[in-house]
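Structural overview for review
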Amino acid sequence: MRLAIIPGDGIGKEVTAEAVKVLTRTGEAFGRRFEFEHLPWSADYFLETGITIPSDGYDLLRGFDAIFIGALGDPRTPENRHARDILLGTRFELDLYVNYRPVKLLDERLCPLKNRGPKEVDFVVFRENTEGLYVSIGGRFKAGTDDEIAIQEELNSFKGVNRIVRHAFAFAQSRGLTKVCMADKSNAMQQGHALWQRVFKQVASEYPAVQATHYYIDALAMYMVLDPGQFEVIVTNNLFGDIITDLGATFQGGLGMAASGNIHPGRTSMFEPVHGSAPRFAGKNIANPIGAIASAALMLDTLGLDQEAAAIDAAILKAVREKQVTPDIGGTLGTVEAGTYITNQIHPSRPA
Ligand code: NAD
Ligand code: IPM
Ligand code: MN
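Now for a look at the structure at hand.

The rules behind each value
Residues numbered from 1 in each chain as written. Chains lettered and ligands numbered in written order. Predicted model: local features only at pLDDT ≥ 70, side-chain atom pairs only at ≥ 80, totals over all residues. Heavy atoms only, no water. Helix = DSSP H or I, 4+ residues; strand = E, 2+ residues; numbered from the N terminus. Rg over C-alpha atoms; globule rule 2.2 N^0.38 Å. Buried < 20%, exposed > 50% of the residue type's maximum accessible area, 1.4 Å probe, protein only. Areas by Shrake-Rupley, 256 points an atom, 1.4 Å probe, with all protein chains shown as cover. Lys, Arg positive; Asp, Glu negative; His and termini not counted. Charge placed at Lys NZ, Arg CZ, Asp CG, Glu CD. Near = heavy atom within 4 Å. Polar contact = N/O pair within 3.5 Å; in protein donor to acceptor, adjacent residues only side chain to side chain. Nonpolar A, V, L, I, M, F, W, Y, C, P; charged D, E, K, R; others polar. Salt bridge = Lys/Arg side-chain N within 4 Å of Asp/Glu carboxyl O. Contact = heavy atoms within 4.5 Å. Phe/Tyr/Trp six-rings, centres within 6.5 Å; stacked < 30°, edge-to-face > 60°. Lys NZ or Arg CZ within 6 Å of the ring centre and 35° of its normal. Core = buried A, V, L, I, M, F, W, Y, C linked by side-chain atoms within 4.5 Å. Pairing = 2+ DSSP bridges.

1. Here's the deal with the overall build of the chain
- Check the secondary structure of the chain and you find eleven helices and twelve strands.
- Taking 20 Å as the expected radius of gyration for a compact globule of 352 residues, we find that the chain reaches 20 Å, a close match to that expectation.
- Considering the chain as a whole, with its 352 residues, one finds that 52% of them fall into the buried category.
- Of the roughly 15700 Å² that the chain leaves accessible, carbon and sulfur atoms contribute 52%.
- Averaging the positions of the 35 positive and the 42 negative side-chain charges in the chain gives two centres separated by 4 Å.

Rendered as structure tokens:
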């Protein structure tokens, strides 16, 4: 399998190196050949060349079986143009409409919520990934003056809402789950989110075996903290999904733990940890590589390599249980050493 690797900026580079190490070992253990092609697109590359992503970049990416990204964002490029073109651009251009973000606690010790363990913190968020407030439609009038007017439109299309909501229900059904919760702000956003309401009710009616519930996003944030055990599948828009998955990451032990996939079922998809480039952590060998490694597992799982993905997840779990991890989750290892520990735990699963 041919995999595009975009380490990006800051700790993105460090955690990506560990994910690639784990993938390499997994390939060896299971007799699979992963071919990695490292792409240099990053803040450094942009500052050197003026290029965020080459003009044929998206076409190039479409030619791989999957894409792995570390993180993009750098204090020297405050407008975030390269991240917009590389990260958001790929989501849009490859039409990766499903942002899949599992919120799964591996060990009660890591959860900041009182008396909550792996049983209560185990749900997935489907974040719409191609529209909403992220499309950057709008503009500024009289910019830089006291008369400045800034308009940023939220795009909600029937096609966009329908496909992510359907994906959430189909996922629930395929996994034997019985609950899907949609979160919007239709009490205040009476145009776009009325569309979410209409579509959600329609799709829910086609899945009588799935209990469909709705919360306004503010209440959802509150219930996530108070009673996460009630959730199995959450579906929401682009911005709300971004926000609640950082919150969800804290339940898992922090941003260093959370994995994600940007998926268009059946097409080249992109996988990345939920966290960013954490500039203050960069170059210190302290970033937690688990979010990146778990994203690599998600990538293999999506490519149909479920045994390989399970072997990586088992190795991560072992590292967490044995505290062979970085300081953010109570260990003493560096990024490289934590990645090496997980790498050395990769074994093909044997029948019990
Ligand atoms: P961030 O996720 O980079 O870091 C926030 C904090 O979370 C860090 O200071 C650290 O305390 C913790 N953290 C994050 N990753 C960690 C890890 N692997 N191990 C241990 N602790 C970790 O968020 P930010 O500071 O808001 O953003 C920094 C830059 O990253 C910005 O430029 C932002 O736009 C960008 N960003 C990129 C992505 C992406 O590429 N997918 C995602 C989020 C943010
Ligand atoms: C994420 C990030 C991105 C987003 C940023 C870097 C644009 O926060 O992937 O969660 O908001 O989607
Ligand atoms: Mn985010």
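Let us keep going from here.
2. Considering the site of ligand 1
- Ligand 1 sits among 21 residues. The nearest are Leu72, Glu272, Gly276, Ala278 and Asn288.
- In this structure, glycine 276 approaches ligand 1 through a main-chain N or O atom, which is 2.7 Å from an oxygen atom.
- Contacts to ligand 1 include asparagine 288, whose backbone N or O atom sits 2.9 Å from a nitrogen atom.
- In isolation ligand 1 exposes 800 Å². Once the protein is present, 69% of that is buried.
- Partitioning the shell around ligand 1 into residue classes produces ten nonpolar, seven polar and four charged.

3. Section: the side chain of glutamate 131
- Along the polypeptide, glutamate 131 turns up in the loop between β5 (122-128) and β6 (132-141).
- Despite its burial, glutamate 131 pairs with no opposite charge; the closest candidate is arginine 163, at 5.7 Å N-O.
- Here the side chain of glutamate 131 touches serine 157 through a polar contact of 2.7 Å, landing on its backbone nitrogen.
- Leaving out residues up to four positions away in the same chain, glutamate 131 has contacts with Phe92, Leu155, Asn156, Ser157, Gly160, Val161 and Asn238.

4. Digging into the pattern of salt bridges
- The full count for this structure, using the stated rule, is 18 salt bridges.
- A salt bridge links glutamate 28 to arginine 25, with the shortest nitrogen-to-oxygen separation between them at 3.6 Å. One end of the pair, glutamate 28, and the other, arginine 25, are both in helix α1 (residues 11-30), three residues apart, so they sit about a helical turn from each other.
- The class of glutamate 28 is exposed, set by a relative accessible area of 56%.

5. A short note on the site of ligand 2
- Around ligand 2, the neighbouring residues are Leu87, Arg91, Arg101, Arg127, Tyr134 and Asp242.
- Taking 320 Å² as the accessible area of ligand 2 by itself, protein coverage stands at 75%.
- Looking at the shell around ligand 2 residue by residue, the class counts come to two nonpolar, no polar and four charged.

6. Description of unusual backbone geometry
- Despite not being glycine, alanine 278 has its phi angle at roughly 35 degrees, a positive value.
- Position of alanine 278 relative to the elements: it lies in the loop between β12 (269-273) and α9 (290-302).
- On the accessibility criterion, alanine 278 (28% relative accessible area) is partly exposed.
- In this model, lysine 323 sits at a positive phi of 55 degrees, which is unusual for a non-glycine residue.
- Inspection of the secondary structure assignment puts lysine 323 in the loop between α10 (306-321) and α11 (335-344).

7. Concerning the packing of aromatic side chains
- Within this structure, the stated rule accounts for eight aromatic pairs.
- On the basis of an interplanar angle of 25 degrees and a centroid distance of 4.6 Å, the ring pair of tyrosine 215 and tyrosine 223 is categorised as stacked.
- Taken together, the aromatic side chains of Phe123, Tyr215, Tyr223 and Phe231 make up a single cluster linked through ring pairs.
- A cation over an aromatic ring shows up here: arginine 2 above the ring of phenylalanine 64, its NZ or CZ 4.4 Å from the ring centre.
- Over the ring of tyrosine 134 we find arginine 127; its NZ or CZ atom is 5.1 Å from the centre of that ring.

8. Thoughts on the nonpolar core
- Ranked by internal contacts, the top residues of the largest apolar core, which has 82 residues, are Phe126, Val165, Phe169, Val180, Leu220, Val235 and Ile312.
- With nine residues, the single largest contributor to this core is α9.
- Leaving out residues up to four positions away in the same chain, valine 165 has contacts with Trp196, Val199, Phe200, Val203 and Val235.
- Residues Ile53, Phe64, Ile67 and Leu96 belong to the second largest nonpolar core, which totals 17 residues.

9. Some words on α11
- When we look at burial in α11, the residues that qualify are Thr335, Ala338, Gly339, Tyr341, Ile342 and Thr343.
- Here the buried face of α11 lies against α1, α9 and α10.

10. Some points on the pairing of strand β4 (residues 98-104)
- Of all the seven residues making up β4, six are buried; the element is thus mostly covered by neighbouring parts of the structure.
- Relative to β5, β4 is paired through seven bridges, and the arrangement is antiparallel. Bridged to valine 98 within β5 is glutamate 128.
- Both β4 and strand β11 (residues 259-263) contribute to a ladder of three bridges, which runs antiparallel. Bridge assignment links asparagine 99 to a residue of β11, and that residue is asparagine 262.

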